[in-house]
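Next come the chains, spelled out residue by residue.
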Amino acid sequence: TLTWGRGEGGIQEIALSWIDDGVEEEAEIWQLRLENERGGVEIAEDRGEAMFSILDDDGETLTCVEGGDSFCLQDGRFQIEVTWRTRDGQTGKGRAETLSDASAVVWFFNPDNAEMLIKVLDACVEPFDAYWVFFAATTNVDYTLTVTDTASGVSKSYNNLLGRAALPVQDTFTFQTCQ
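Residues numbered from 1 in each chain as written. Predicted model: local features only at pLDDT ≥ 70, side-chain atom pairs only at ≥ 80, totals over all residues. Heavy atoms only, no water.

S.K.: How do you make sense of the overall build of the chain when you look at a structure like this?
M.R.: In terms of regular secondary structure, the chain is built from zero helices and twelve strands. Its helices and strands in sequence order give the chain the pattern β-β-β-β-β-β-β-β-β-β-β-β, from N to C terminus. Residue burial in the chain is summarised as follows: out of 179 residues, 32% are buried. Counting only contacts in the chain whose residues sit at least 6 apart along the sequence, the fraction spanning at least 24 positions is 48%. A total of about 12000 Å² of accessible surface is found on the chain, and carbon and sulfur atoms cover 48% of it. (Helix = DSSP H or I, 4+ residues; strand = E, 2+ residues; numbered from the N terminus. Buried < 20%, exposed > 50% of the residue type's maximum accessible area, 1.4 Å probe, protein only. Contact = heavy atoms within 4.5 Å. Areas by Shrake-Rupley, 256 points an atom, 1.4 Å probe, with all protein chains shown as cover.)

S.K.: I would appreciate a short explanation of the state of the cysteines in the present structure.
M.R.: This model, assessed by the stated rule, comprises two disulfides. Across a sulfur-sulfur distance of 1.9 Å, cysteine 64 and cysteine 72 are joined as a disulfide pair. Across the disulfide from cysteine 64 to cysteine 72, rotation about the S-S bond amounts to roughly -105 degrees, and the bridge is consequently left-handed. At a sulfur-sulfur separation of 2.0 Å, the disulfide partner of cysteine 124 is cysteine 178. (Disulfide = S-S within 2.5 Å.)

S.K.: Honestly, unusual backbone geometry in this entry has me stumped. Any pointers?
M.R.: A negative phi holds for most residues other than glycine; trans holds for most peptide bonds. Look at the link from glutamate 126 to proline 127: it is a cis peptide, with omega at 5 degrees. Notably, glutamine 74 is not glycine yet its phi reads approximately 55 degrees, a positive angle. Among the secondary structure elements, glutamine 74 is positioned in the loop between β3 (71-73) and β4 (78-85). At aspartate 75, a position not held by glycine, the phi torsion is positive, near 55 degrees. With respect to the secondary-structure elements, aspartate 75 resides in the loop between β3 and β4. Classification of aspartate 75 by relative accessible area gives exposed; the value is 73%.

S.K.: For this particular structure, what's the right way to read the packing of aromatic side chains?
M.R.: For any pair of aromatic rings, the description rests on two quantities: the centre-to-centre distance and the angle between the ring planes. Inspection of every chain in the model, using the stated rule, returns ten aromatic pairs. Between tryptophan 84 and phenylalanine 108, the aromatic rings sit 5.8 Å apart at their centres with planes inclined by 20 degrees, giving stacked as the arrangement. Taken together, the positions of tryptophan 84 in strand β4 and phenylalanine 108 in the loop between β7 (103-107) and β8 (114-123) put the pair 24 residues apart, joining distant regions of the chain. The buried category is assigned to tryptophan 84, whose relative accessible area is 8%. Ring plane angle 80 degrees and centroid distance 6.1 Å describe the contact between phenylalanine 108 and phenylalanine 109, whose orientation is recorded as edge-to-face. Look at phenylalanine 108 and you get buried, because its relative accessible area is 5%. For phenylalanine 109, a relative accessible area of 40% corresponds to the partly exposed category. (Phe/Tyr/Trp six-rings, centres within 6.5 Å; stacked < 30°, edge-to-face > 60°.)

Written as structure tokens, this is what we have:
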């Protein structure tokens, strides 16, 4: 139960905990939905749900393989794959042009029409001790962007729903895998 006082707004936090069992398994996906509002509170339709996943951190190490379906950043440590789908049922893989060891632009339909900019930044210094994934997409196409740390096996997928403007991502906590 989340409770706001009269006239109060702002952010409420929900704390979740889990047990690290040491077993290699798929990510567990959860959906959080706010409902049963009372006292004049209204939940915006596009803000009342969130999907999140608990990532497996017991995976194997991999080798980043660059090719038509994927590309590598941070000297091959991170493998990136993008799949997309349009309203009329077209599907495909995102293609990338690497700009530097830390960033790339991705296109879906035509190399002259960039759909997203992706950066994987090395923030493996105190107090951060993580790799950061930032990206921004200029599309309303359905896509799934999957980032895999080949050294730890940790993988995370980011999604955009068909017909919705893509929101930027600033993930500074998933890849706390510096060691």
